[in-house]
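Report on the structure
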Amino acid sequence: MKNLSNQPCLIARSLALVGDAWSMLIMRDAHAGLTRFDEFRKSLGIAPTMLTARLSALTEDGLLEKHRYSERPPRDEYLLTQAGRDFLPVLFAIGAWGRKHRSGGPVTRFFDAETGTEIDAVTIDRVTGAPVGTRPIRIAGPE
């Protein structure tokens, strides 16, 4: 995936950073307040080596920051950076697609912590105000 990081397409560049399921799920859990290795491991059921690799990549790519919370034994926590916080709408856009096309059976629901209302994410084009996906697109290469 790293060979995508120099592509002119920003979708390709972004997928180079977070284009695998484990990275997406770690980011989901970080937004839910998980910060510690054992918390991520318990939530995801991921192998420790895989989790270590994904946390290192997300830290290196600037979505998480590693902070030491214990010297003995040495323990770190992983906190969202601004780039990591800005990733939440991406996760909700994927979730909205899943609600429409993959929602058979029980599903996890997400609520606004302040209002208690269920989040129903919509991606809107800032210029036209139209929901993305309701109008044709045109792709233009770099100038």
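What you see is a predicted model, and the numbers here were worked out from it, not measured in a lab. (Residues numbered from 1 in each chain as written. Predicted model: local features only at pLDDT ≥ 70, side-chain atom pairs only at ≥ 80, totals over all residues. Heavy atoms only, no water.)

Turning our attention to the nonpolar core. Ranked by internal contacts, the top residues of the largest apolar core, which has 18 residues, are Ile26, Met27, Phe40, Leu55, Leu58, Leu64 and Phe87. Elements with a contribution of two residues or more to this core: helix H2 (21–31), helix H3 (37–44), helix H4 (48–60) and strand E2 (74–80). Considering every element that reaches this core, the biggest residue donor is H2, with four residues. (Core = buried A, V, L, I, M, F, W, Y, C linked by side-chain atoms within 4.5 Å. Buried < 20%, exposed > 50% of the residue type's maximum accessible area, 1.4 Å probe, protein only. Helix = DSSP H or I, 4+ residues; strand = E, 2+ residues; numbered from the N terminus.)

What follows covers the UniProt feature "domain: HTH hxlR-type" (unreviewed entry) in the protein. In the UniProt entry, the feature "domain: HTH hxlR-type" (unreviewed entry) is given for residues 9–106. Across residues 9–106, helical content stands at 60% and strand content at 15%; the span's end C-alpha atoms are separated by 36 Å. (UniProt positions renumbered as here; feature names shortened; annotations may be inferred.)

Within the structure shown, the criterion is met by seven salt bridges. The salt bridge involving Arg28 is made with Asp29; its shortest N-O contact spans 2.9 Å. What makes Asp29 buried here is its relative accessible area of 5%. One salt bridge in this structure joins Glu118 and Arg109, with 3.2 Å as the shortest N-O distance. Residue Glu118 is classed as partly exposed on the basis of its relative accessible area of 30%. (Salt bridge = Lys/Arg side-chain N within 4 Å of Asp/Glu carboxyl O.)

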